[in-house]
Amino acid sequence: MKQPFWKKILSYVYEFHVESIAGDINDTLHVSYTQGRYQLSTQNAIYSFGDLYTNYYQAFEQINLDKYDIQNVLILGFGLGSIPLMLENNFHKNYNYTGVEIDEYVIYLADKYVTYALKSPIDIISTDALTFVKICQQRFDLICVDIFLDDVIPDDFQQQDFLESVKLLLTKNGIVLYNRLAQTEEDKKDSTIFFKEEFLPVFPKGRYIDVDGNWMFTNISD
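To keep things clear, this report deals only with the structure shown in the data block. All of these numbers come straight from a predicted model, not from anything done at the bench. Along each chain, residues carry numbers from 1 onward, in the same order as the chain's sequence is written. Two thresholds apply to this predicted model, a pLDDT of at least 70 for residue-level local features and 80 or more for giving and counting side-chain atom pairs, whereas whole-chain, interface and lining totals are computed over all residues. Derived side-chain values reflect all non-hydrogen atoms in the structure, with water molecules and hydrogen atoms excluded from consideration.

Considerations on the packing of aromatic side chains
Point 1. Only the six-membered ring of Trp is used, alongside the rings of Phe and Tyr, when aromatic pairs are assigned; centres must lie within 6.5 Å, and planes under 30 degrees apart are stacked while those over 60 apart are edge-to-face, with the rest tilted. As enumerated under the stated definition, the model contains 17 aromatic pairs in all.
Point 2. A centroid spacing of 6.3 Å and a plane angle of 50 degrees characterise the contact between Phe194 and Phe199, whose relative ring orientation is tilted. Grouping residues by exposure puts Phe194 and Phe199 together as buried.
Point 3. Joined through ring pairs, the aromatic side chains of Tyr178, Phe194, Phe195, Phe199, Phe203, Tyr208, Trp215 and Phe217 make up one cluster.
Point 4. Charges are assigned to positions over rings by a cutoff of 6 Å between ring centre and Lys NZ or Arg CZ, combined with an angular limit of 35 degrees from the ring normal. Sitting over the ring of Phe16, Lys7 keeps its end group 5.1 Å from the ring centre.
Point 5. The side chain of Arg180 reaches across the aromatic face of Phe194, ending 4.4 Å from its centre. The rule is simple: take the accessible area with a 1.4 Å probe, protein chains only, and divide by the maximum for that residue type; under 20% is buried, over 50% is exposed, in between is partly exposed.

Examining the environment of Ser20
Point 1. Put simply, DSSP marks the helices as runs of H or I at least four residues long and the strands as runs of E at least two long, and each gets a number from the N terminus on. With respect to the helices and strands, Ser20 occurs in strand E1 (residues 16-21).
Point 2. On the basis of relative accessible area, Ser20 is assigned to the partly exposed category, the value being 34%.
Point 3. A sequence separation of 12 residues divides Ser20 from Ser32, and the C-alpha atoms of the two residues are 8.7 Å apart.
Point 4. The criterion used for residue contact is that any of the two residues' heavy atoms lie within 4.5 Å. Discounting residues that sit within four places of it in the chain, Ser20 has contacts with Thr28, Leu29 and His30.
Point 5. Polar contact criterion, stated in full: a pair of N or O atoms within 3.5 Å, where within protein one must be able to donate a hydrogen and the other to accept it, and residues adjacent in sequence count only if both atoms are side-chain atoms. Of note is the side chain of Ser20, whose polar atom sits 2.7 Å from the side chain of His17.
Point 6. A polar atom in the side chain of Ser20 sits 2.8 Å from the side chain of His30.

Digging into the pattern of salt bridges
Point 1. The salt bridge criterion pairs a side-chain nitrogen of Lys or Arg with a carboxyl oxygen of Asp or Glu, the two atoms within 4 Å. Summed over the entire model, instances satisfying the criterion amount to 4 salt bridges.
Point 2. One salt bridge connects Glu19 with Lys112, and the closest N-O pair in it is separated by 3.0 Å. With a gap of 93 residues between them, Glu19 in strand E1 and Lys112 in helix H4 (residues 104-113) connect regions that are remote in the sequence.
Point 3. Classification of Glu19 by relative accessible area gives buried; the value is 14%.
Point 4. The partly exposed category is assigned to Lys112, whose relative accessible area is 26%.

As for the side chain of Glu88
Point 1. Counting through the fold element by element, Glu88 comes out in helix H3 (residues 82-89).
Point 2. One buried charged side chain, Glu88, makes no salt bridge at all; its nearest oppositely charged neighbour is Lys119, positioned 6.3 Å away. The convention is simple: Lys and Arg are positive, Asp and Glu are negative, and His and the chain ends are not counted.

Spelled out as structure tokens, the structure:
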């Protein structure tokens, strides 16, 4: 859904509420229009914010996408589609996307406000990401793990078993980007424990990228 030009200009000084609905998983999903972009949020977290979803934007800048042969991208936790939006519009990449999103209402909002306007082929699957990674037979060059319930990552997605399943879906030189909170000292402590005890045993060359209040864990060393 395209907003009129006057509203786009005013959105840089005023946030417009667009729609709120009860999701399948989230109690309430809020869509607003601000800074010329659609934002999807819950009570405590921002799920999507176009190319201002800076966690992934900064990560893409730092890993230098041009160095890698990327064709197929898997997004676990699709949201409004910020990742394909920024990759297509800002990084000028034409990838094939598979999005996994458990909340059908999020998929409805993504199609209504964002993905309909993208040229990249996008296949969105409504299912639990834990189930998907165990049964999927396709391989991907880039896997983005962005799974939150409000502002919490469910425990099942913080285990080596899940990460091993993700690893099996990677192509030979495939990249994982796993988004975690690092805004408070407690967040950083929890993320450090996860990195050392769960992530590194599966991806021994892994490192983290500091991305504006979050840490992005990746399997590539540089």
